[in-house]
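Chain residues, written in single-letter form:
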Amino acid sequence: MDASPASRTERTGALLALARSEAGPDGFLPFDRWMDLALYADGVGYYTGPRTPFGTTGDFYTAPQVHPLFAASFAERIRAVRSRLGPDRPFTLVELGPGEGTLAAGIVSALGAAWTSRGPTRVVLVERSAPLRAKALSRVRQAADPDTVVVSSVEGVSALGPFEGVVVANEFLDAQPARRLRWKGGEWRELGVRVTAEGVRAAEGPLGTPVSGPQLPTSVPEGTVVEFSPAGEGVLREVADHLVAGTWLIDDYGMEESELLLAHPEGTLATVRGHRTGPDPLAEPGEADLSTFVNWTRVRTAARAAGLDVVADTSQAEALGRWGFSGLLERAIHGAGTSEAEVRLRLSAKNLLFGFERFRVVELAPARLADRFRSTT
Ligand SMILES: C[S@@+](CC[C@H](N)C(=O)[O-])C[C@H]1O[C@@H](n2cnc3c(N)ncnc32)[C@H](O)[C@@H]1O
């Protein structure tokens, strides 16, 4: 039985109670801990509550929801990687944070039964939110041929043990709890929240856990904020430890750390609700999305330190183009049926190519095998 609080007030109350129980005696909680609770606390976080975050009735669209051509392009890349691995070898397709499963279901449909019957094939969904996981599993199972593809879910990549295949992660890293630090009086200070009886408000404290990875800059203007996600870097290490052969396709928005410090000196933390950016990320705890730009400098450094190498790093438009987007579009137009359907298709294609302009596709592979996957498209 689902024992989640039913009303919005009850959910917010339960979330704040959790935050209070975790905060220090002065009520301070580092921002990444707060973001983790606000997005993912059982039944009361943004992604775990009763509302769907996606689509017209939700808060935002992601690329896979714009048109199946996005998933079909990923499918082409996955086909190429599998053929490099040896098409008859056991193959695992993992999606991290599939949400409702649109991308994985689209990939499986586009690849079709002929592809999956070559060697043992499984699709594994790693979705933290229980309601989204249930939706994703059901959608991907509907799309897959049960005789040739095993579809399952696990809590984390480590549960899979060593595997060969492809990992995909669309808008996964930007949703990872982020630490936010502010440069003040010659030192980095931890940004977070103060949990009070009324709610949460922005707060600042001494630097918490030491920062691993590249050294933080020390010649930035007073007040500059830097953001990065230790949780996201943890997932990088987990994938690196278990992906024996194959690649990891990460599609997300972000910037290099040096660009972030210049272009977003106050940080990139954003809240979205009902397709609009809100003015205050702390205003609707558990009811609005929270995200930060991916700090690509730290992601790449963490990946290399974990034994992964960058196979490709391009804009989303360029990656889709290299994976055969225009041919797939031509074929779809050919089968569109009506001129209205054709116009809609062209508009969706334009959106996928030009509407996600800050998005990059970074493809990683185990360093010793990276050359094998560099030239294949
Ligand atoms: C912004 S949504 C993107 C959903 C989907 N990939 C898409 O593009 O439509 C981020 C998703 O990642 C999931 N997520 C975040 N952290 C996770 C983790 N550590 N393990 C599994 N899923 C996670 C969230 O629950 C959510 O479904």
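For the structure itself, look to the data block above.
A few points on the structure. In this text the structure is predicted, and so the values were computed from the model without any measurement.

Here is what the cut-offs are and how they apply
Residues numbered from 1 in each chain as written. Predicted model: local features only at pLDDT ≥ 70, side-chain atom pairs only at ≥ 80, totals over all residues. Heavy atoms only, no water. Phe/Tyr/Trp six-rings, centres within 6.5 Å; stacked < 30°, edge-to-face > 60°. Buried < 20%, exposed > 50% of the residue type's maximum accessible area, 1.4 Å probe, protein only. Helix = DSSP H or I, 4+ residues; strand = E, 2+ residues; numbered from the N terminus. Lys NZ or Arg CZ within 6 Å of the ring centre and 35° of its normal. Core = buried A, V, L, I, M, F, W, Y, C linked by side-chain atoms within 4.5 Å. Contact = heavy atoms within 4.5 Å. Pairing = 2+ DSSP bridges. Axes fitted to C-alpha atoms, helices over the stretch in contact; angles between N-to-C directions. Parallel < 35°, antiparallel > 145°, perpendicular 65-115°, else oblique. Left-handed = near helix turned anticlockwise from the far one by under 90°. Polar contact = N/O pair within 3.5 Å; in protein donor to acceptor, adjacent residues only side chain to side chain. Nonpolar A, V, L, I, M, F, W, Y, C, P; charged D, E, K, R; others polar.

1. Some remarks on the packing of aromatic side chains
Here comes step 1: According to the stated counting rule, one finds nine aromatic pairs in the structure shown.
Here comes step 2: A ring pair is formed by Phe 54 and Phe 60, whose centres lie 5.5 Å apart and whose planes are at 85°; its orientation type is edge-to-face.
Here comes step 3: Assessed through its relative accessible area of 13%, Phe 60 is described here as buried.
Here comes step 4: Taking 5.0 Å as the distance between ring centres and 75° as the angle between the ring planes, the aromatic pair formed by Phe 74 and Trp 323 counts as edge-to-face. Within this pair, whereas Phe 74 is found in helix H4 (residues 68–85), its partner Trp 323 is found in the loop between helix H10 (316–322) and helix H11 (325–334), the two being separated by 249 residues in sequence.
Here comes step 5: Looking at Phe 74, the relative accessible area reads 2%, which means it is buried.
Here comes step 6: We classify Trp 323 as buried; its relative accessible area is 7%.
Here comes step 7: Above the plane of the ring of Phe 31 lies Arg 180, whose end atom (NZ or CZ) is 5.6 Å from the centre.
Here comes step 8: The lysine or arginine in question, Arg 298, covers the ring of Phe 228, its NZ or CZ lying 5.1 Å from the ring centre.

2. Overview of the nonpolar core
Here comes step 1: By size, the foremost hydrophobic cluster in this structure holds 54 residues, and its most contacted members are Phe 74, Ile 78, Ile 107 and Leu 352.
Here comes step 2: Per-element tally for this core: the top contributor is H4, with nine residues.
Here comes step 3: Every residue in contact with Phe 74, bar those within four places of it in the chain, is listed here: Leu 103, Ile 107, Val 168, Leu 249, Asp 251, Leu 320 and Trp 323.
Here comes step 4: Residues Leu 96, Leu 243, Val 294 and Leu 308 belong to the second largest nonpolar core, which totals 28 residues.

3. Observations regarding the sheet that holds strand S11 (residues 270–273)
Here comes step 1: Pairing within the open sheet is antiparallel, and its three strands lie in the order S12-S11-S13. The sheet is open, and its two borders are formed by strand S12 (276–277) and strand S13 (289–291), each paired with just one other strand.
Here comes step 2: Sheet topology places S11 next to S12; two bridges connect them, and they run antiparallel. Bridging across to S12, Val 272 finds its partner in Thr 277.

4. A look at helix H9 (residues 296–305)
Here comes step 1: Inspection of H9 places Trp 296, Arg 298, Val 299, Arg 300, Ala 302 and Ala 303 among the buried residues, and these make up the whole buried set.
Here comes step 2: One or two steps after H9, the chain reaches Gly 307, where phi turns positive at roughly 100°.

5. Some thoughts on the packing of H4 against helix H5 (residues 102–116)
Here comes step 1: Two elements in contact, H4 and H5, have axes whose closest approach is 8 Å; the angle formed by their N-to-C orientations is 45°. Classified by the angle between their axes, H4 and H5 sit oblique to one another. H5 is crossed by H4, and the crossing has right-handed handedness. Together, Phe 70, Ala 71, Ala 72, Phe 74, Ala 75, Ile 78, Arg 79 and Arg 82 of H4 and Leu 103, Gly 106, Ile 107, Ala 110, Leu 111, Trp 115 and Thr 116 of H5 make up the contact between the two elements.

6. Digging into the side chain of Ser 73
Here comes step 1: Following the sequence through the fold, Ser 73 ends up in helix H4.
Here comes step 2: A polar contact of 2.8 Å, which involves the side chain of Ser 73, links it to the backbone oxygen of Leu 69.
Here comes step 3: Beyond its immediate chain neighbours, meaning those up to four positions away, Ser 73 contacts Leu 320, Trp 323, Phe 325 and Leu 328.

7. Considering the packing of H4 against H11
Here comes step 1: At their nearest, the axes of H4 and H11 sit 10 Å apart, and the two run at 130° to each other. In terms of orientation, H4 and H11 fall into the oblique class. Considering the relative orientation of H4 and H11, their crossing is right-handed. The residues of H11 that touch H4, namely those facing Leu 69, Ala 72, Ser 73 and Glu 76, are Phe 325, Leu 328, Leu 329 and Ala 332.
Here comes step 2: Of the residues that constitute the contact of H4 with H11, the class distribution is six nonpolar, one polar and one charged.

Purely geometric stuff here, so don't read any function into it on its own.
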